[in-house]
Amino acid sequence: MSMPSLAGRRLRTDPWIIAHRGYRTRYPENTLCAFAAAIEAGADMIELDVMLARDRRMVVIHDDTLDRTTNGRGPVGLKTLAELKKLDAGGWFAPQFAGETLPTLEEAMDLMGGRVLINIEIKRNAYEPDDPPDAVERQLLDLVKRRGLLNSVLISSFEVRLLERIASRGDGVALAFLNRNAGEPGNIETCRKLQAFSFHPNWIELKGEHVREFHQAGFPVFPYNADTEEQIRRVITTGADGIITSDPLLAREIWKEEESSQT
């Protein structure tokens with residue numbers, strides 16, 4: 001099996017099913033078991049979040065604090081990777097997942113690299129204006145290149161300055177602009193300036209007219225946080241190119257059902 005690439009996937013016309021933090025309706029988010037389950041469910045891409053530990057190691061977690069998805073407390077950035085690795089990142093979700101740990105980005109790539117496309121979101125508060133040599137985006141790009149995954153990784157963020165910095169490096173990595181409001185003035189211009197691969201809005205504000213405008217400008221649209229049957233069907237009506245969802249299997253089934261009803 002050949003390594004999946006963004007360019008190759010773009011040639012297909014079926015919807016992109018992107019697993020939001022893995023298969024998180026059934027597994028604890030941003031854990032290796034959630035990523036493995038998403039691959040098994042047939043997701044085209046897996047979305048995950050990266051933060052820095054106190055010792056500047058990249059760890060996969062959505063929040064900047066530990067309280068919601070581990071048995072730890074306080075900011076992620078105040079603990080070393082060794083300290084973070086001692087935490088339980090699965091028991092909060094269900095007892096059978098007790099003992100799941102917070103993965104490093106390296107561990108996540110070991111599992112997913114070459115098997116599925118990867119969307120890495122860099123959180124807005126991870127942006128460092130002084131641009132240190134070990135800034136998260138620098139570490140991330142170095143890792144992606146070392147693993148030979150430049151063609152199968154998409155980096156996304158709400159922080160435009162961070163995306164601009166990545167684009168200025170000229171590494172050729174694909175970028176996606178995140179924005180909660182699909183209709184906010186300047187979104188398309190931002191995507192153009194970044195030469196973005198895609199635009200990722202919150203599904204709640206997304207309308208068909210927005211999707212058409214982005215398509216005319218040449219940008220695929222992948223809305224996020226649509227997880228229920230009703231939400232997924234709503235996304236389909238907008239004409240979006242795919243979906244960032246916590247239930248990749250449900251999204252695939254509903255999309256097939258909708259397409260079958262129209263033929």
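Our subject is the structure listed above.
Residues numbered from 1 in each chain as written. Predicted model: local features only at pLDDT ≥ 70, side-chain atom pairs only at ≥ 80, totals over all residues. Heavy atoms only, no water.

Asks: Report on the packing of helix H9 (residues 229-238) against helix H10 (residues 248-261), specifying residues and quantitative values.
Replies: Between H9 and H10, whose axes approach to 10 Å, the crossing angle comes to 50°. Considered as vectors, H9 and H10 are oriented oblique to each other. For the pair H9 and H10, the crossing hand works out as right-handed. Within the contact between the two elements, H9 uses Glu229, Ile232, Arg233, Val235 and Ile236 and H10 uses Leu250, Ala251, Ile254, Trp255, Glu257 and Glu258. (Axes fitted to C-alpha atoms, helices over the stretch in contact; angles between N-to-C directions. Helix = DSSP H or I, 4+ residues; strand = E, 2+ residues; numbered from the N terminus. Parallel < 35°, antiparallel > 145°, perpendicular 65-115°, else oblique. Left-handed = near helix turned anticlockwise from the far one by under 90°. Contact = heavy atoms within 4.5 Å.)

Asks: Residue-level account of the packing of aromatic side chains, with values.
Replies: Under the counting rule described, the total for this entry stands at 9 aromatic pairs. Taking the centre distance of 5.5 Å and the plane angle of 55° together, the rings of Tyr27 and Phe97 count as tilted. You can see Tyr27 sitting in the loop between strand S1 (16-20) and helix H2 (32-40) and its partner Phe97 sitting in the loop between helix H3 (81-85) and helix H4 (105-112), a full 70 residues away along the chain. We note Arg10 situated over the ring of Phe197; from NZ or CZ to the ring centre the distance is 4.7 Å. Between the NZ or CZ atom of Arg180 and the centre of the ring of Phe158, over which it lies, the distance is 4.5 Å. (Phe/Tyr/Trp six-rings, centres within 6.5 Å; stacked < 30°, edge-to-face > 60°. Lys NZ or Arg CZ within 6 Å of the ring centre and 35° of its normal.)

Asks: Mind laying out the side chain of Gln139, listing which residues take part and the relevant values?
Replies: Within the secondary structure layout, Gln139 lies in helix H5 (residues 136-146). A distance of 2.9 Å separates a polar atom in the side chain of Gln139 from the backbone oxygen of Arg56. Those residues in contact with Gln139, other than ones at most four positions away along the chain, are Leu52, Arg56, Met58 and Asp134. (Polar contact = N/O pair within 3.5 Å; in protein donor to acceptor, adjacent residues only side chain to side chain.)

Asks: Break down the pattern of salt bridges for me, citing the residues and quoting the values.
Replies: Scanning all chains against the criterion turns up 28 salt bridges. Ionic pairing is found between Arg252 and Asp44, a salt bridge with its closest N-O pair at 3.3 Å. Residue Arg252 is located in helix H10, and its partner Asp44 is located in the loop between H2 and strand S2 (45-52); the two are separated by 208 residues in the primary sequence. Sharing partners across several salt bridges, the network here consists of Arg21, Arg24, Glu29, Asp49, Asp63, Arg68, Glu121 and Lys123. (Salt bridge = Lys/Arg side-chain N within 4 Å of Asp/Glu carboxyl O.)

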